[in-house]
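Residue strings, one per chain:
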Amino acid sequence: MSRLIIVSNRVAPISEGGPAAGGLAVGVYDALKETGGMWFGWSGDVLSSGQPHMQVVERGPVTFATIGLVRRDYDQYYRGFSNATLWPAFHYRPDLIQYDRHDFEGYCRVNAWLAQQLVPLLQADDVIWVHDYHLIPFAEALRAAGVKNRIGFFLHIPFPAAQVLLSVPPHRELVKALCSFDLLGFQTQRDLRAFSDYIVSEAGGEVEPGLAPAPATVRAFGRTLRAAAYPIGVYPDEVAQLAKAGTRGKPVRTMKATLHDRKLIMSVDRLDYSKGLVERFRAFERLLDRSPACRNQVSFVQIAPPTRADMHAYQDIRLRLEAESGRINGRFAELDWTPIRYIHRQYERSVLAALFRQSHVGYVTPLRDGMNLVAKEYVSAQDPDDPGVLVLSCFAGAAEELSGALIVNPIDIDGMADALGEALAMPLAERRARYRDMIAQLRENNVSVWRDNFMRDLRAAGEKRRTAKTR
Ligand code: ADQ
């Protein structure tokens with residue numbers, strides 16, 4: 001079988017046994033081990049002087065090839081166009097979009113440069129799988145360098161509605177660049193529809209739906225490619241094992257001791273304005289306002305380690321959250337009870353999973369999210385005999401699959417407070433039924449299924465392209 005080449009902005013940190021992080025990294029690493037191959041991308045280093053050099057590390061059949069970025073490239077490609085333009089636009093926040101055409105030039109330049117670094121490492125039969133919004137022009141750059149291999153792309157974040165995408169000045173160049181891939185993968189049907197709508201209404205192309213599970217055929221910008229939704233999953237049984245193991249650990253025992261018999265509402269996110277944390281805090285406040293019986297009987301733990309801390313929008317959301325949690329705690333706290341425990345730390349996966357298992361409610365309410373793996377990890381971590389309840393935003397990709405959750409609109413503070421109240425009071429039989437429904441779905445579509453479906457369609461899409469050429 002041909003080698004697999006994974007390209008992503010960041011390469012997962014590697015320990016002796018493989019990637020340290022879970023979910024995506026483990027799923028992708030498994031595929032690399034099976035076929036042999038390479039993971040290529042930015043090392044995470046930013047160089048203030050000198051030229052970046054590629055670092056190549058071999059781990060059995062897998063090669064990790066990483067390279068640093070010079071400061072200007074980091075500012076334009078990563079902080080600039082990727083995270084100050086594309087991230088807010090794709091998360092439906094046109095009000096936060098910052099656009100500078102030099103950043104876009106830098107974004108294209110870094111994509112072309114990274115592609116040039118990869119070319120000498122490629123073999124004729126390699127299959128290339130590119131990940132996420134940092135690397136939209138990557139296939140175009142490889143094609144310009146003469147690469148004929150099969151190239152697929154998976155977008156981890158939402159694809160915005162055409163009217164929102166139009167607010168990104170080079171929207172046409174971006175969608176044209178996407179059409180250089182052989183296969184495009186989105187998280188949800190909603191994202192695929194948004195992309196198809198742009199192709200038809202803005203690019204004058206056409207989209208022919210595939211007979212499920214076959215991907216759709218897209219014709220635009222003089223190219224023919226395939227596109228489909230591949231909702232990313234987790235390994236639910238592995239998360240459940242971690243949760244059981246973590247329950248015996250010190251962090252979780254300490255936490256339980258300080259909770260006494262109070263019920264626990266649990267949230268875990270990167271600290272990002274797309275995650276809806278302000279609205280979430282206010283809905284918890286509304287619950288305490290309306291239901292005095294919940295005071296001193298329920299604790300809400302929000303774990304949110306800061307990310308992209310050198311960007312203004314992230315400093316801003318951090319300040320707002322600190323103000324909100326301080327205000328709400330000031331209003332309701334008692335000598336022996338802090339309503340919101342707002343924590344900025346990273347935790348080991350087993351600690352998070354165990355906290356999920358201990359909690360009565362998983363409170364996952366992003367304003368927009370590609371999928372949201374925390375929602376899937378929360379359900380996976382539950383005790384089947386006494387499961388907690390997932391309160392989930394209708395704007396998380398996961399809501400397309402997890403119909404056993406209490407689905408909320410994160411803009412509706414009263415609606416979320418209602419859902420929290422309902423979750424805290426839900427009878428055991430209903431909790432079990434909802435859990436069974438969701439865990440079955442998670443097992444059926446675990447991260448291996450996600451990866452295998454994408455790889456099956458990428459290999460097939462490449463075959464079709466080759467056959468069409470030789471005709
Ligand atoms: P993220 O925006 O990072 O991912 P999410 O899908 O929730 O969002 O994944 C976060 C991961 O980090 C989870 O596995 C979670 O357990 C872990 N994590 C979060 N906080 C942590 C903490 N304090 N300590 C340790 N681990 C923590 C992007 C997209 C999502 C999409 C994923 C995968 O934005 O929509 O679901 O990629 O495609």
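Residues numbered from 1 in each chain as written. Predicted model: local features only at pLDDT ≥ 70, side-chain atom pairs only at ≥ 80, totals over all residues.

## Notes on the overall build of the protein chain
Thinking step 1. Regarding its fold elements, the protein chain presents 16 helices and 18 strands.
Thinking step 2. Over its C-alpha atoms the protein chain spans a radius of gyration of 23 Å, differing by no more than 12% from the 23 Å that the globule rule assigns to 471 residues.
Thinking step 3. The principal-axis extents of the C-alpha atoms in the protein chain amount to approximately 70 × 45 × 40 Å.
Thinking step 4. Counting only residues that meet the buried cut, the protein chain has 49% of its 471 residues in that class.
Thinking step 5. Considering only intrachain contacts with a sequence separation of at least 6, the fraction spanning at least 24 residues in the protein chain is 75%. (Helix = DSSP H or I, 4+ residues; strand = E, 2+ residues; numbered from the N terminus. Rg over C-alpha atoms; globule rule 2.2 N^0.38 Å. Buried ≥ 20, exposed ≤ 12 C-beta atoms within 10 Å, placed from the backbone. Contact = placed C-beta atoms within 7 Å.)

## Some remarks on the site of the ligand
Thinking step 1. The ligand sits among 20 residues. The nearest are H156, Q346, G370, M371 and L373.
Thinking step 2. Here the shell around the ligand is composed, by residue class, of eleven nonpolar, six polar and three charged.
Thinking step 3. Each of two domains, domain 1 (4-233 + 447-461) and domain 2 (236-444), supplies a minimum of three residues to the shell around the ligand. (Near = placed C-beta within 6 Å. Nonpolar A, V, L, I, M, F, W, Y, C, P; charged D, E, K, R; others polar. Domains from an automatic or database assignment.)

## As for the packing of helix 2 (residues 71-90) against helix 3 (residues 101-118)
Thinking step 1. At a minimum axis distance of 8 Å, the contact between helix 2 and helix 3 shows a crossing angle of 110°. Here helix 3 runs roughly perpendicular to helix 2, going by the angle between their axes. Both helix 2 and helix 3 take part in a crossing whose hand is left-handed. Along the contact surface, helix 2 presents D73, Q76, Y77, G80, F81, S82 and T85, while helix 3 presents H102, D103, F104, G106, Y107 and V110. (Axes fitted to C-alpha atoms, helices over the stretch in contact; angles between N-to-C directions. Parallel < 35°, antiparallel > 145°, perpendicular 65-115°, else oblique. Left-handed = near helix turned anticlockwise from the far one by under 90°.)

## A short note on the nonpolar core
Thinking step 1. Core analysis: the biggest nonpolar cluster contains 150 residues, and A375, L390, V391, L392 and L420 have the highest contact counts within it.
Thinking step 2. Considering every element that reaches this core, the biggest residue donor is helix 2, with eight residues.
Thinking step 3. Taken together, domain 1 (4-233 + 447-461) and domain 2 (236-444) each give at least three residues to this core, which thus spans both.
Thinking step 4. What V391 contacts, discounting residues up to four positions off in sequence, is V361, G362, Y363, V364, T365, A405, L406, V408, A419, L420 and A423. (Core = buried A, V, L, I, M, F, W, Y, C linked by C-beta atoms within 7 Å.)

## Describing the sheet that holds strand 16 (residues 361-364)
Neighbouring strands of a sheet are bound in pairs by backbone hydrogen bonds; such pairs are parallel or else antiparallel.
Thinking step 1. The strand order across the open sheet formed by six strands is 15-14-13-16-17-18, and the pairing between neighbours is parallel. Lying at the two open borders of the sheet, with one neighbouring strand each, are strand 15 (340-343) and strand 18 (406-408). Pairs of neighbouring strands in the sheet enclose a mean axial angle of 20°, with direction left out of account.
Thinking step 2. As defined by bridge partners, strand 16 adjoins strand 17 (residues 389-393) across four bridges and the pair is classed as parallel. (Pairing = 2+ DSSP bridges.)

## Looking at the sheet that holds strand 4 (residues 37-47)
Thinking step 1. Taken in spatial order, the ten strands of this open sheet run 5-6-4-1-7-8-9-12-11-10, and their pairing is mixed. Because the sheet does not close on itself, it has two edges, and the strands there are strand 5 (55-59) and strand 10 (206-208). Across the sheet, the axes of successive neighbouring strands diverge by a mean angle of 20°, strand direction being ignored.
Thinking step 2. Examined bridge by bridge, strand 8 (residues 150-154) and strand 9 (residues 183-186) share three bridges and lie parallel to one another. Paired with F153 across the strands is L184, a residue of strand 9.

## Description of the pairing of strand 1 (residues 4-10)
Thinking step 1. Among the seven residues in strand 1, five count as buried, and that is most of the element.
Thinking step 2. Bridge count between strand 1 and strand 7 (residues 127-131): five bridges; the pairing is parallel. Looking across to strand 7, one finds that I5 is bridged to I128.
Thinking step 3. Two strands pair when backbone bridges link them, and strand 1 and strand 4 are joined in this way by six bridges, in the parallel orientation. Among the inter-strand pairings, I6 is bridged to a residue of strand 4, identified as W39.

## Looking at the domain arrangement of the protein chain
Thinking step 1. Segmenting the protein chain into domains produces domain 1 (4-233 + 447-461) and domain 2 (236-444).
Thinking step 2. A separation of 30 Å is found between the C-alpha centroids of domain 1 and domain 2.
Thinking step 3. With 18 residues of domain 1 at the contact, the number on the domain 2 side is 16 residues.
Thinking step 4. When residues in the side of domain 1 that touches domain 2 are grouped by element, the largest group, three residues, is from helix 2.
Thinking step 5. Class assignment of the residues belonging to the side of domain 1 that touches domain 2 gives a composition of seven nonpolar, nine polar and two charged.

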